[in-house]
Amino acid sequence: GGSIDAGAAAKLLEILNHPLLDEPTHDVASQKLHDHALLATSGTSASTESNNAPLWNARMRTRELMRIMNCVQCNKCRFHGKIAVLGLSTAFQILLGRTGDGADGGDLLVMHRVELAALMTTMSKYSTASQLCSQKTAEIGSCC
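Our subject in this report is the structure included herewith. Every chain is numbered independently, its residues counted from 1 as its sequence is written. Reporting of local features is limited, given that this is a predicted model, to residues whose pLDDT is at least 70; pairs of side-chain atoms are given and counted only at 80 or more, and all residues count toward the totals for whole chains, interfaces and linings. Side-chain calculation: all heavy atoms of the structure are included, whereas hydrogens and water are not.

Under the DSSP-based scheme used, a helix requires at least four consecutive residues in state H or I and a strand at least two consecutive residues in state E, with every element numbered from the N terminus. Scanning the protein chain from N- to C-terminus turns up 5 helices and 0 strands. In the protein chain, the order of α-helices and β-strands from amino to carboxyl end is α-α-α-α-α. Classification of the 144 residues of the protein chain by burial places 17% in the buried group. For the protein chain, restricting intrachain contacts to residue pairs at least 6 apart in sequence, the fraction spanning at least 24 positions comes to 44%. Here the open area of atoms and residues is found with the Shrake-Rupley method and a 1.4 Å probe, where only the protein chains shown may cover a residue. Summed over all atoms, the accessible surface of the protein chain reaches about 10,500 Å², with 62% contributed by carbon and sulfur. Burial status follows relative accessibility: with a 1.4 Å probe on protein chains alone, a residue under 20% of its type maximum counts as buried, one over 50% as exposed, and anything between as partly exposed. Every residue pair with non-hydrogen atoms within 4.5 Å of one another is taken to be in contact.

Okay, the pattern of salt bridges next. Salt bridge, as used here, is a side-chain nitrogen of Lys or Arg placed within 4 Å of a carboxyl oxygen of Asp or Glu. Overall, the coordinates contain 1 salt bridge when judged by the stated rule. One salt bridge connects glutamate 139 with lysine 136, and the closest N-O pair in it is separated by 3.6 Å. Here lysine 136 and glutamate 139 lie together in helix α5 (residues 113-143), a separation of 3 residues that amounts to about one turn.

A separate point is the side chain of threonine 90. Residue position: threonine 90 is located in helix α4 (residues 75-96). For threonine 90, a relative accessible area of 0% translates into the label buried. Residues adjacent in sequence count toward polar contacts only when both atoms are side-chain atoms; beyond that, a polar contact is any pair of N or O atoms within 3.5 Å, and within protein one must be able to donate a hydrogen and the other to accept it. Within the structure, the side chain of threonine 90 is placed 2.7 Å from the backbone oxygen of leucine 86, a separation counted as a polar contact.

It is worth spelling out the packing of α4 against α5 at this point. Axis geometry follows a simple rule: fit a line to the C-alpha atoms, using only the stretch in contact for helices, then measure angles between N-to-C directions, giving values from 0 to 180 degrees. Here α4 crosses α5 at 105°, and the two axes come no closer than 7 Å. Relative to α5, α4 is oriented roughly perpendicular. Contacts from His80, Ile83, Ala84, Leu86, Gly87, Leu88, Thr90, Ala91, Gln93 and Ile94 in α4 reach Val114, Glu115, Ala118, Leu119, Thr121, Thr122, Lys125 and Tyr126 in α5. Under the scheme applied, nonpolar residues are Ala, Val, Leu, Ile, Met, Phe, Trp, Tyr, Cys and Pro; charged residues are Asp, Glu, Lys and Arg; polar residues are all the others, including Gly. For the contact of α4 with α5, a count of residues per class yields 10 nonpolar, 6 polar and 2 charged. Angle categories are assigned with fixed cut-offs, so that under 35 degrees is roughly parallel, over 145 is roughly antiparallel, 65 to 115 is roughly perpendicular, and the rest are oblique.

As a further point, take the environment of alanine 91. When you line up the elements, alanine 91 lands in helix α4. Since its relative accessible area comes to 25%, alanine 91 is described here as partly exposed. Remark: the alpha-carbon pair of alanine 91 and methionine 123, spanning 32 residues in sequence, is separated by 9.4 Å.

Quick look at the environment of isoleucine 83 now. Along the polypeptide, isoleucine 83 turns up in helix α4. Sequence-wise, isoleucine 83 and valine 114 are 31 residues apart; in three dimensions their C-alpha atoms are separated by 9.2 Å. Those residues in contact with isoleucine 83 that lie beyond four places of it in its chain are Ala118, Thr121 and Thr122.

Right, let's talk about α5 for a bit. Residues separated by three or four positions in an α-helix point in the same direction, a consequence of the helix having 3.6 residues per turn. An expected span of 1.5 Å times one less than the residue number is assigned to each helix. Across its 31 residues, α5 extends 45 Å between first and last C-alpha, which sits within 8% of the 45 Å expected from 1.5 Å per residue. Inspection of α5 places Glu115, Ala118, Leu119, Met120 and Thr122 among the buried residues, and these make up the whole buried set. The inward-facing, buried residues of α5 contact α1 (6-16) and α4.

Along the chain, threonine 122 falls in helix α5. Separated by 2.8 Å, the side chain of threonine 122 and the backbone oxygen of alanine 118 make a polar contact.

Candidates for patches are residues over 30% relative accessible area with no salt bridge; among them, like charges are joined within 9 Å and nonpolar side chains (Val, Leu, Ile, Met, Phe, Trp, Tyr) within 5 Å. There is a patch of nonpolar side chains on the surface, built from Leu88, Phe92 and Tyr126 and spanning about 280 Å² of accessible area. Along the chain, phenylalanine 92 falls in helix α4.

What follows is the structure, encoded as structure tokens:
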């Protein structure tokens, strides 16, 4: 594994300790996403012992997205698309675990630095997009 220098570690610690990440609604959203991902095609609840076929299909789709990105002609677009897909895949891995049942909480300890970088980049892009949407909504609301 690689090591992180003190400056990068301080920046990461600042981001990870942000109060927004401690929002209680995130736990609710994570649980709902987890339950939905484990929901079997038969319609049984996620709390029952059911097969993980829908979850496996979702995981396969992220792999397919990564392969599809190879078909993009623009190198910059391909690069940014692959980072976004890897970031989303890493977020699902954190929420659901590598095995898909969410029970193996040690995934954070074995996350690769490339996965962490992709996750942080994707989070940054989504938060910037969310801020822009909020600004535009406020502008539209104030003019009407």
